[in-house]
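Here's the letter readout for the chains.
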Amino acid sequence: MKILVDTHVHTLASGHAYSTLNDYIEEAKIKGLEMFALTDHGIRMPGGPDLYHFYNQIVIPREVGGIKILRGIEANMIDFEGSLDGEDRLLDQLDLVIGSVHPICLPGGGKREYTKGAIAMMASGKIQVLGHPGNAQAPVEIEEVVRAAREYQVAIEINNSSFLTPSRRGSEENCARFCELGHKHGVPFVVSSDAHVRYDLGVFDGALALIDQQGVDESLIVNTNAEKFIEFLKRKGKLKNDFNTGI
Ligand SMILES: [Zn+2]
Ligand SMILES: [Zn+2]
């Protein structure tokens with residue numbers, strides 16, 4: 001299976017990432033990607049950018065050197081009611097909002113609280129992707145979250161960095177369960193790198209191995225190519241006037 005859209009990428013603006021927009025464009029050409037999404041961390045992440053960084057993404061061209069670019073954010077869940085660290089006007093404007101739990105931004109939760117928050121984020125209609133929900137450091141009730149993802153048609157992210165970064169140690173088992181139950185219930189999935197340096201862009205090997213092992217149907221993965229991902233975002237009310245695909 002080929003994944004030609006990387007839906008989760010951090011630039012220097014995230015404060016603990018090491019590549020620029022231009023680096024990622026060059027890397028996307030090398031790797032043969034069609035598209036990637038800029039999803040820097042929301043403002044509550046220590047060292048993260050402020051809101052103006054996200055508003056001003058309108059200056060970024062839609063396409064450079066044949067590579068399509070989405071303007072997004074990896075927003076932080078900031079309470080157990082599923083609130084995000086971006087105002088509604090901003091989240092509406094962006095092409096892609098990933099909603100993620102980072103324990104550094106929201107400590108003190110247990111499984112019940114993280115589950116409640118994740119479902120509330122999806123129910124709010126403000127996110128299109130639930131970021132790394134398999135994170136063992138912020139565990140959720142997987143079947144409840146999968147059922148909600150199906151109801152609200154929010155994509156479950158299988159994040160390649162979850163198998164690499166020490167901050168999400170122990171995520172494999174949860175991610176496998178998300179694959180298994182997500183396939184069973186027919187939820188949308190995205191596969192992402194969560195790159196913090198250009199060399200990780202388009203690297204999905206751990207995520208794809210798990211998807212293969214769990215037999216997730218390729219038709220459920222909405223970012224296998226740019227056209228399919230654009231269609232998914234348009235169905236979610238995004239990209240109203242951009243990326244004409246005849247829909
Ligand atoms: Zn994250
Ligand atoms: Zn991230």
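Coordinates for the structure precede this section.
So, a few notes on the structure that sits alongside this text. (Residues numbered from 1 in each chain as written. Chains lettered and ligands numbered in written order. Predicted model: local features only at pLDDT ≥ 70, side-chain atom pairs only at ≥ 80, totals over all residues. Heavy atoms only, no water.)

### Re the overall build of the chain
If you tally the helices and strands in the chain, you get 8 helices and 8 strands. The C-alpha radius of gyration of the chain comes to 16 Å, within 12% of the 18 Å expected for a compact globule of 247 residues. Overall size of the chain, expressed as C-alpha extent along the three principal axes, is 45 × 35 × 35 Å. Looking at the 247 residues of the chain, the share that counts as buried comes to 53%. Taking the contacts inside the chain whose residues are at least 6 apart along the sequence as the reference set, 77% of them involve residues at least 24 apart. When the accessible surface of the chain is summed, it comes to about 10,300 Å², and 49% of that surface belongs to carbon and sulfur atoms. Here the chain carries 25 positive and 34 negative side-chain charges, and the mean point of each set is 3 Å from the other. (Helix = DSSP H or I, 4+ residues; strand = E, 2+ residues; numbered from the N terminus. Rg over C-alpha atoms; globule rule 2.2 N^0.38 Å. Buried < 20%, exposed > 50% of the residue type's maximum accessible area, 1.4 Å probe, protein only. Contact = heavy atoms within 4.5 Å. Areas by Shrake-Rupley, 256 points an atom, 1.4 Å probe, with all protein chains shown as cover. Lys, Arg positive; Asp, Glu negative; His and termini not counted. Charge placed at Lys NZ, Arg CZ, Asp CG, Glu CD.)

### A word on the pattern of salt bridges
Under the criterion given, the structure shown has 13 salt bridges. Across the salt bridge formed by Lys29 and Glu26, the nearest N and O atoms sit 3.3 Å from each other. Residue Lys29 and its partner Glu26 are located together in helix α1 (residues 21–31), separated by 3 residues, close to a single helical turn. A salt bridge links Glu143 to Arg147; its shortest N-O distance comes to 3.3 Å. One end of the pair is Glu143 and the other is Arg147, both in helix α5 (residues 142–152) and 4 residues apart, which spans about a single turn. Salt bridges here are not isolated pairs; linked through shared partners, they connect Asp23, Glu27, Lys31 and Arg198. (Salt bridge = Lys/Arg side-chain N within 4 Å of Asp/Glu carboxyl O.)

### Some remarks on the side chain of Glu74
Within the secondary structure, Glu74 sits in strand β4 (residues 67–76). Comment: no salt bridge for buried Glu74; closest opposite-charge side chain is Arg168, at 5.7 Å. Engagement of the side chain of Glu74 in a polar contact is seen with the side chain of His8, the distance being 3.1 Å. The residues touching Glu74, leaving out its near neighbours within four places in the chain, are His8, His10, Thr39, Asp40, His41, Gly42, Ile98, Ser100, His102 and His132. (Polar contact = N/O pair within 3.5 Å; in protein donor to acceptor, adjacent residues only side chain to side chain.)

### Considering the nonpolar core
Judged by nonpolar contacts, the single largest core of 46 residues is most densely connected at Leu130 and Ile156. Aside from chain neighbours lying at most four places away, what touches Ile156 is Leu130, Pro133, Val145, Ala149, Phe178, Val187, Pro188, Phe189 and Val190. Among the nonpolar cores identified, the runner-up in size contains 17 residues, and Val5, Ile98, Val190 and Ile230 belong to it. (Core = buried A, V, L, I, M, F, W, Y, C linked by side-chain atoms within 4.5 Å.)

### Focus: α5
What sets the pattern is the α-helix's 3.6 residues per turn: residues three or four places apart point alike. Taken as a whole, α5 has its buried residues at Ile142, Val145, Val146, Ala148 and Ala149. Take α5 and look down its axis: the buried residues cluster within an arc of 165°, on one side only. Buried residues in α5 make contact with α4 (111–123), β6 (129–130), β7 (155–159) and α6 (172–185). The positive-phi residue at the C-terminal boundary of α5 is Gln153, with phi of around 55°. (Arc of directions from axis to C-beta.)

### A few points about the pairing of strand β1 (residues 5–9)
Most of β1 sits out of view: 5 of its 5 residues are buried. Pairing geometry for β1 and strand β2 (residues 35–38), over 3 bridges, is parallel. Across the sheet, the residue bridging to Asp6 is Phe36, located in β2. (Pairing = 2+ DSSP bridges.)

### A word on the coordination of the zinc ion (ligand 2)
In an ideal tetrahedron of four donors about a metal, each angle is 109.5 degrees. In an ideal octahedron of six donors, the angles are 90 or 180 degrees. Distances from the zinc ion (ligand 2) to its protein donors, His8 (NE2), His10 (NE2), Glu74 (OE) and Asp194 (OD), fall within 2.0 to 2.3 Å. Given 4 donor atoms and angles of 79 to 170° at the metal, the environment of the zinc ion (ligand 2) is assigned as irregular. Between consecutive donors of the zinc ion (ligand 2), the numbers of intervening residues give the motif H-x1-H-x63-E-x119-D. The distance between the zinc ion (ligand 2) and the zinc ion (ligand 1) comes to 3.4 Å, with Glu74 serving as a donor to both metals. Separated by 66 residues along the polypeptide, His8 in strand β1 and Glu74 in strand β4 bring together distant segments of the chain. Residues His8 and Glu74 agree in their burial class; the two are buried. (Donors = N, O, S within 2.8 Å, 3.2 Å for Na, K, Ca; no water. Tetrahedral: all angles 85-135°; square planar, octahedral: opposite > 155°, others 65-115°.)

### Some points on the state of the cysteines
Taken as a whole and judged by the stated rule, the model has 0 disulfides. Counting only cysteine sulfurs, Cys175 is the nearest neighbor of Cys105, a cysteine outside any disulfide, at a range of 19 Å. Classification of Cys105 as buried rests on a relative accessible area of 11%. Free cysteine: Cys175, not disulfide-bonded; nearest cysteine sulfur from Cys179 at 7.0 Å. (Disulfide = S-S within 2.5 Å.)

### Quick notes on the packing of aromatic side chains
Going through the model one piece at a time under the given rule, you end up with 3 aromatic pairs. Judged by centre distance (5.7 Å) and plane angle (70°), the rings of Phe80 and Tyr114 are edge-to-face. You can see Phe80 sitting in the loop between β4 and α3 (88–93) and its partner Tyr114 sitting in helix α4, a full 34 residues away along the chain. Both rings, one in Phe229 and one in Phe232, keep their centres 6.0 Å apart while their planes meet at 20°; by these two values the pair is stacked. Note that Phe229 and Phe232 are positioned in helix α8 (residues 226–235) at a spacing of 3 residues, about one turn of the helix. Residue classification places Phe229 among the buried residues on the basis of a relative accessible area of 0%. (Phe/Tyr/Trp six-rings, centres within 6.5 Å; stacked < 30°, edge-to-face > 60°.)

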